[in-house]
Structure formats: C-alpha cells, structure tokens
Amino acid sequence: MPTSVSPPSAAGLSVTVAARDQLGIIASLAHDIWNRYYPSIISKAQIDYMLRQRYSPDALAERSTARGTTLLIAWLGPLAVGFAVLSVPEDAPDEANLDAFYLHPDHHRRGLGTVFMEQVVAHLEDQPRQILVLNVNRKNITAINFYFRQGFTIRSAVDVNLGGGYTGDDFIMERPLP
C-alpha cells in the first residue's frame, strides 16, 4: 500500500512505461485505489467486476499488447503511487485517449496529480494528436474538478455499457494537447 513518511515533493515524481513484469504493481495499485476511493460512487460488486475486467494481471497483459496502448507507472523514488493508460485510436487521428489515470489517495492534494498529468501528456509528444480525451464517472466530482484544473472541458455525457449488467454514467472530457 503506497504511503510515505514525509510529504513528497511534486518534483520528485517520475513516470515510466510499465514493463511486463510490473503489471502486478498496476493491478495492486488499482485494487487499493478502487477499494478506497470508489465505494461512495459505485457498488462493491461493480468495483470487483471492474477490477477483474480491466485491472487483473491478465487483463493488463492483454491491454499492454494492444496496438497504440501504453501503460505508465508514476513513482516517488522506489514507491509506485499511480498509473495511467494511454491509447491512440486509429479511427480518430486527431485524438489520444487517457483510458485510465489514477493516483493513490494517500498522495492527493500535494501537486503530484498535476505533475503526473504533465508527464503523461509528454508521452504523446511524438504523436500527431491534437486532443486528449477521457471518460469520468459523472458522480466523481473530485476527479472532474481536477480535470477542469488540467484544462479539460466536458464534451458530452454518455451512458456506457460496461458489461456484467453495469453501466458507466460518464462525462467525456477533452483538452487540447500542446
């Protein structure tokens, strides 16, 4: 479970592309983050379903081999504190997708999220993309407000079939890339 003794410096955050043998780190982070953060937004059954479908080691391994997909890990020294998933869809040449962006709640409100977002966006510098797009649960006010501060705006509201009888009540948000 990511913790730190003293408040970390935002400048000490680094982001690396996840190696295949680090997918368990992402799975562990996802399990801890979702179980701590999402019970006030979605049911425990949906949390468990989403973790199995998207963030199990097998699901992450499959995702990591998808064309145009990059899994990233945020580090404070040797401590993994967050992860992100970027993809560049072939059917939307001007857009990149931020399919996941999670920072452990122990590290919120310290400026790390902004540094993390800047470093994630930097991974797109060699892409001819102009817009970064993400989905966020409409009840996730904390994340929505963070994304507003990062320059995102709401494009639309959608109901996404997540499978397993679950629906995501999301906003699609976007921001221009530098």
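Structure's up top.
A brief look at the structure comes next. Just so it is clear, the structure is predicted and the values come from calculations on it, not from any experiment.

1. What about unusual backbone geometry?
The bulk of non-glycine residues show a negative phi, and the bulk of peptide bonds are trans.
Piece 1. Of note in this structure, Arg109 is not a glycine but carries a positive phi near 65°.
Piece 2. If you trace the backbone, Arg109 turns up in the loop between β4 (95–103) and α4 (112–122).

2. Observations regarding the environment of Ala18
Piece 1. Note that Ala18 resides in the loop between β1 (13–17) and α1 (23–37).
Piece 2. With a relative accessible area of 17%, Ala18 lands in the buried category.
Piece 3. Separated by 56 residues in the primary sequence, Ala18 and Ala74 have C-alpha atoms spaced 9.5 Å apart.
Piece 4. Excluding residues within four positions of it along the chain, Ala18 makes contact with Ile26, Leu71, Leu72 and Ile73.

3. Regarding the pairing of strand β5 (residues 131–137)
Piece 1. Most of β5 sits out of view: five of its seven residues are buried.
Piece 2. As paired elements, β4 and β5 share three bridges and run parallel to each other. Looking at the pairing, Asn97 lines up with Val133 of β5.
Piece 3. Regarding topology, α4 serves as the crossover connection from β4 to the parallel β5, and that connection is right-handed.
Piece 4. Here β5 pairs with strand β7 (residues 166–176) via seven bridges, running antiparallel. When the sheet's bridge partners are listed, Leu132 is paired in β7 with Arg175.

What counts and how
- Residues numbered from 1 in each chain as written.
- Predicted model: local features only at pLDDT ≥ 70, side-chain atom pairs only at ≥ 80, totals over all residues.
- Heavy atoms only, no water.
- Helix = DSSP H or I, 4+ residues; strand = E, 2+ residues; numbered from the N terminus.
- Buried < 20%, exposed > 50% of the residue type's maximum accessible area, 1.4 Å probe, protein only.
- Contact = heavy atoms within 4.5 Å.
- Pairing = 2+ DSSP bridges.
- Right-handed = clockwise from strand over helix to strand, strands pointing away.

Just geometry here; none of it tells us what the structure is for.
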